[in-house]
Amino acid sequence: MDRITTEKLRFVDAEGRTRIFNGMNIDDKSRDRKEFIRTLDEEFFKKYRALGLNFIRLAVTWQNLEPEIEKYNEDYLRSIDAIFELAEKYGVYILLDMHQDLYSGNGGKSCGDGAPEWAVITDGAKPRQPIFVWADGYFFGKWVAKSFDNFWNNTPVNGKGLQDRYADLWKMLASRYGDSPALFGFDLMNEPFPGSESKKMFASLIGSAAKNILFSKKMNRKKLIGSLVKRDTRGILDCIEGGLIRDVTEPVDKYEADFDRRKYSPFLNKISAAIREVTDKGIIMMEQCYICNSGVKQSAPPITVNGIREPNQCFGPHGYDMMVDTPLYQYAKSDRVKAFFTEMRNTQLRLNVPVVVGEWGGCSDNTDTSWFPHAYELLDYFDSLKWSQSYWTYLGNDLDSPLMNMLSRTHPVAVASEKFCYRYDRDNKVFTLESKADKAGKNIIYVHKPFTVENGIKHRVLEQYESGAALIAVDTGAGESTIKIKINE
């Protein structure tokens, strides 16, 4: 496997080609595990590869890795070792994600996950189960806010700060997996949360939303009132369009910037420095605050290690429609989600780094195909920006489900150029890759069904799968070139 590094907005391999990654999240958010919850065996990886999936955001938790202070869970780590070994065999890259939701599960007292109980300091606030959806702990949970406050303040536990202990955990993982060819990189914390500072953020967001609903010229109030009278839920949600998003979220930017610069950025730099003490391999991923998932501007500067910009870093935004985790997700609107991602694109350009969309999707059981038009719009948007992506989430039996009709798709794996674009015309079933290269090179493309490469362009089949899908190589020379592939079905 090629070692992947970064160059401005691109992931690059040893040949200097641009790499695109297509994959899924596979998470273990349960408690008290002796091994990773999913069975990722030889059969799994064989199917995963044949479906054109070459990337896993592997979500693990501090609680399972260090259930007792300074005692790492060797049984659990051995199960991760086995996943890395098979990933290497089948050419699948792994992004290690240190996952958290609501900071911790508090020993089962809340629905969260992440930190072990010994690393939770709530200042007396009591955890509870959700009233509406799991995320209401962020909005109403004092125990969540206090837990994060103590983490960002590096409050000591047994004489050592929480962040310092978290850095030690990452240092252990970097030492253990840094030399694995399957390692893509390190996702330092899933959806970090500001803690008590979130109160003024949420208050500003609610006030701005109310003001825009009442007074914005972009709001169709006639339609909104009519939908309210008719109790037309979809009509109400459709009134909240993408063009309104930044008007609503902009007042929160100043509060988010303060958190990003005073607390989040120093954390990123500290954990990155710990990792770089033991390995120079692996891309370090910067996420964004949970609140930024709704289109608030992220303001953290690029990661630095000992004052020097980290050369291999990327951005991992998350984006879902506002109705995610509720039955109303059937009314998800791509216009809104693309508005969120447009702000995230601004962050990418500011940081000058490549992107893997760390989470998107959110269909609760992976069996509903009615939302596929929404998903296709987002995939097309990612393709237009040349973003890699990781769908949320794998539920254990998805490789034989209708979900693969959406995720298993023709896409470039390696492009021998910096300047290129690609797209898939679903109506005519034609994939097109256009590029302009300084020199000759080998492009690698995954094709998801039996196909014909048009215009007599020669290709080589690198891997052929039972379904008729294939991994192919197409050589191109210096200058402009166009590759068209017709899907035969």
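The rules we used
- Residues numbered from 1 in each chain as written.
- Predicted model: local features only at pLDDT ≥ 70, side-chain atom pairs only at ≥ 80, totals over all residues.
- Heavy atoms only, no water.
- Helix = DSSP H or I, 4+ residues; strand = E, 2+ residues; numbered from the N terminus.
- Polar contact = N/O pair within 3.5 Å; in protein donor to acceptor, adjacent residues only side chain to side chain.
- Contact = heavy atoms within 4.5 Å.
- Axes fitted to C-alpha atoms, helices over the stretch in contact; angles between N-to-C directions.
- Parallel < 35°, antiparallel > 145°, perpendicular 65-115°, else oblique.
- Left-handed = near helix turned anticlockwise from the far one by under 90°.
- Nonpolar A, V, L, I, M, F, W, Y, C, P; charged D, E, K, R; others polar.
- Core = buried A, V, L, I, M, F, W, Y, C linked by side-chain atoms within 4.5 Å.
- Buried < 20%, exposed > 50% of the residue type's maximum accessible area, 1.4 Å probe, protein only.
- Pairing = 2+ DSSP bridges.
- Phe/Tyr/Trp six-rings, centres within 6.5 Å; stacked < 30°, edge-to-face > 60°.
- Lys NZ or Arg CZ within 6 Å of the ring centre and 35° of its normal.

Visitor: So what about the side chain of Asn443? Which residues, and what values?
Guide: Tracing the chain through its elements places Asn443 in strand β19 (residues 441-447). Side-chain polar atoms of Asn443 contact the side chain of Thr476, separated by 2.9 Å. With near-sequence residues (within four places) excluded, Asn443 lies in contact with Ala414, Val415, Ala416, Leu433, Ile472, Ala473, Val474, Thr476 and Ile483.

Visitor: Quick rundown of the packing of helix α3 (residues 74-89) against helix α6 (residues 162-177)? Include the residues and the values.
Guide: The N-to-C vectors of α3 and α6 enclose an angle of 40 degrees; their axes lie 12 Å apart at closest approach. What the angle tells us is that α3 and α6 run oblique. When the axes of α3 and α6 are compared, the crossing they make is right-handed. Every residue of α6 that contacts α3 at Glu74, Leu77, Arg78, Ile80, Asp81 and Phe84 is listed here: Met172, Leu173, Arg176 and Tyr177. Residue composition of the contact of α3 with α6, by class: six nonpolar, no polar and four charged.

Visitor: I'd like to hear about the nonpolar core, residue by residue, with values.
Guide: Residues Phe45, Leu58, Trp62, Trp170, Phe267, Trp360 and Met406 are the most contacted members of the largest nonpolar core, which totals 109 residues. With nine residues, the top contributor of residues to this core is α6. By size, the runner-up hydrophobic cluster in this structure holds 17 residues, among which are Val415, Val447, Phe451 and Ile485.

Visitor: So what's going on with the sheet that holds strand β18 (residues 430-437)? Residues and values would help.
Guide: If you walk across this open sheet you meet the four strands as β17-β18-β23-β20, and the pairing is antiparallel. Each edge of the sheet is formed by a strand with only one pairing partner; in this case those strands are β17 (419-425) and β20 (451-453). Geometrically, the sheet is characterised by an average inter-axis angle of 15 degrees between neighbouring strands, direction not taken into account. As judged from the seven bridges shared by β17 and β18, these two strands associate in the antiparallel manner. Bridge pairing links Tyr424 to Phe431 in β18.

Visitor: Give a detailed account of the packing of aromatic side chains, specifying residues and quantitative values.
Guide: Summed over all chains, the structure comprises 48 aromatic pairs. With centroids separated by 5.1 Å and ring planes inclined at 85 degrees, the aromatic side chains of Phe44 and Phe45 adopt a geometry described as edge-to-face. Each member of the pair Phe44 and Phe45 is classed as buried. The side chain of Lys386 reaches across the aromatic face of Phe420, ending 4.7 Å from its centre.

Visitor: Let's hear about the sheet that holds strand β14 (residues 356-357): which residues, and what values?
Guide: Pairing in this open sheet of eight strands is parallel, and the strands run β13-β10-β9-β6-β5-β4-β15-β14 from one edge to the other. Looking at strand neighbours, the two that pair on one side only are β13 (313-315) and β14, the edges of this open sheet. Bridge count between strand β10 (residues 283-286) and β13: three bridges; the pairing is parallel. Bridge pairing links Ile284 to Gln313 in β13. Here helix α12 (residues 334-351) sits on the sheet and contacts β10, β13 and β14; the angle it forms with β13, its principal contact strand, is near 160 degrees.

Shape is all these values report; function is a separate question.
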